[in-house]
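If you want the building blocks of each chain, they are given just below.
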Amino acid sequence: MKYYKMYMDRQGISPEVHEKLLNLEAPKRRPVWTRYGTLAACAALIIGLGVWRLAPEAAPAEDTQNACQFVPDYDSQPCEKSAAAEDLSPAPNPNGAVKDEYKQALDRGTEEAVSRGEPQDNLMADISATPLWEGETFASLAEARQEEAFAPYLPASEPEGYSAFSGTLSYGTLSVFWSRGYDNIQVSVRLAGSRSCNLADPARPETYDLSLYPIPWCDSVPDELREVVSAPAFRAEDMTLSIVEARGHGHDTGGMTYSFSVLHSDGTLVSYRCDGMTAQQVWAMVEETL
């Protein structure tokens, strides 16, 4: 290293080279985009090739023709409803109720009731006398009672202390409703054959008396009695105040609530759900319709 330094100290350059060195300029930096231009071009090429490889191949002419023949031309040919489509068809609308379909639905409900041993003379009805879907609403009890077929089974007067009345008529069922805070009263009248029911035996309190079963009922009510205990119906001639009392239980508003149905001799079924009333008030509402 010592001799190398001594050698270099004795070296010199010509004036021409020295002048060129003094006049040298710093190299210019290329723009940023030029440094990545090649990389971006390569990436675009790779992506384009990948998309081209993944794209589905065009279907042969024969396959395309077979696929198109399954698309119906609704403008040139009639639409035929298959059996599956008939099962999924919507319910009749108020502008075109289908009486035959409605009759079949009522017949199915009646057949189910008869299969449970309910009296056929009370449940089999003349379907032709049952009104189709009407979709009416009522602004008052008096207006609802103008429906002559339902009026005998509706309350004769408004329940005291309740307001916010509403009434509807659809599919052979007329319902009236009142509210008072979180207490509600609902009476639904279903014409003969429009719904099956679970008849309770007044001689067997275990089929309807809620006082025999502590809450939760899912644990205390036997499985074979669960349906009838939860929604029992009684023949009109068997109804008494004691049956109404047996259907009462505590409501979350602090009062009592009662729920049951009454099957009249002509097959009309009237369902009651009364919150905040006494057993005597509920019985008075039922008794006037018997």
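Here, the structure is the one placed above.
Now for a quick tour of the structure. (Residues numbered from 1 in each chain as written. Predicted model: local features only at pLDDT ≥ 70, side-chain atom pairs only at ≥ 80, totals over all residues. Heavy atoms only, no water.)

Okay, the overall build of the protein chain next. Along its length, the protein chain carries 12 helices and 9 strands. Looking at the protein chain residue by residue over its 290 residues, the buried ones come to 31%. A fraction of 55% describes how many contacts in the protein chain between residues 6 or more apart in sequence connect residues 24 or more apart. Of the roughly 19,500 Å² of accessible surface on the protein chain, a fraction of 55% belongs to carbon and sulfur atoms. (Helix = DSSP H or I, 4+ residues; strand = E, 2+ residues; numbered from the N terminus. Buried < 20%, exposed > 50% of the residue type's maximum accessible area, 1.4 Å probe, protein only. Contact = heavy atoms within 4.5 Å. Areas by Shrake-Rupley, 256 points an atom, 1.4 Å probe, with all protein chains shown as cover.)

On to the nonpolar core, then. Formed by 42 residues in total, the largest nonpolar core has its most connected members in Val-176, Met-239, Phe-260 and Tyr-272. Element by element, the count of residues in this core is highest for helix α12 (residues 279-287), at 5 residues. Beyond its immediate sequence surroundings of up to four residues, Tyr-272 is in contact with Tyr-153, Gln-186, Val-187, Tyr-258, Ser-259, Phe-260, Val-262, Met-285, Val-286 and Thr-289. (Core = buried A, V, L, I, M, F, W, Y, C linked by side-chain atoms within 4.5 Å.)

Turning our eyes to something else, we now look at the pairing of strand β8 (residues 256-263). Burial analysis of β8 places 6 of its 8 residues in the buried class, which makes it a mostly covered element. Pairing between strand β6 (residues 232-235) and β8: 3 bridges, direction parallel. Within β8, the position partnered with Phe-234 by the bridge is Val-262. Pairing of β8 with strand β9 (residues 269-275) involves 7 bridges; the strand directions are antiparallel. (Pairing = 2+ DSSP bridges.)

Burial within strand β4 (residues 183-190) is extensive, with 6 of its 8 residues counted as buried. Judged from the 8 bridges that link them, strand β3 (residues 173-180) and β4 form a sheet pairing that is antiparallel. Bridged to Leu-174 within β4 is Val-189. Examined bridge by bridge, β4 and β9 share 6 bridges and lie antiparallel to one another.

To continue, consider unusual backbone geometry. Here the residue pair Ile-215 and Pro-216 is connected by a cis peptide bond, since its omega of 10 degrees sits within 30 degrees of zero. Positive phi is not limited to glycine here, since Tyr-171 has a value of about 50 degrees. Relative to the helices and strands, Tyr-171 is located in the loop between β2 (163-170) and β3. On the basis of relative accessible area, Tyr-171 is assigned to the partly exposed category, the value being 28%.

What follows deals with the environment of Arg-226. Note on placement: Arg-226 falls in helix α10 (residues 226-230). The class for Arg-226 is partly exposed, based on a relative accessible area of 33%. Between the C-alpha atom of Arg-226 and that of Thr-207, which follows or precedes it by 19 residues, the distance is 8.5 Å. In contact with Arg-226, other than residues within four places in its own chain, are Cys-218 and Val-221.

Under the counting rule described, the total for this entry stands at 4 salt bridges. In this structure, Asp-183 engages Arg-180 in a salt bridge whose closest nitrogen and oxygen atoms are separated by 3.5 Å. On the accessibility criterion, Arg-180 (34% relative accessible area) is partly exposed. In this structure, the salt-bridge partner of Arg-204 is Glu-206, at a minimum N-O distance of 2.9 Å. What makes Glu-206 partly exposed here is its relative accessible area of 28%. (Salt bridge = Lys/Arg side-chain N within 4 Å of Asp/Glu carboxyl O.)

Turning our attention to α12. What α12 keeps buried is the set Ala-279, Val-282, Trp-283, Met-285 and Val-286. The buried residues of α12 occupy one face: seen down the axis, they fall within an arc of 160 degrees. On the buried face of α12, the contacting elements are β4, α11 (241-246), β8 and β9. (Arc of directions from axis to C-beta.)

Locating His-251 in the fold gives a position in the loop between β7 (248-250) and β8. Assessed through its relative accessible area of 14%, His-251 is described here as buried. At 3.4 Å, the side chain of His-251 and the side chain of Asp-252 are in polar contact. Setting aside anything within four residues of it in sequence, one finds His-251 in contact with Tyr-182, Asp-183, Met-256, Thr-257, Arg-273 and Asp-275. (Polar contact = N/O pair within 3.5 Å; in protein donor to acceptor, adjacent residues only side chain to side chain.)

With that settled, consider the environment of Ser-163. Checked against the element boundaries, Ser-163 lands in strand β2. Note: C-alpha distance between Ser-163 and Asn-184 (21 residues apart in sequence) is 9.6 Å. In this structure, Ser-163 is in contact with Trp-178 and Ser-179, ignoring residues within four places of it in sequence.

Honestly, that's just the spatial picture; any functional story needs more than this.
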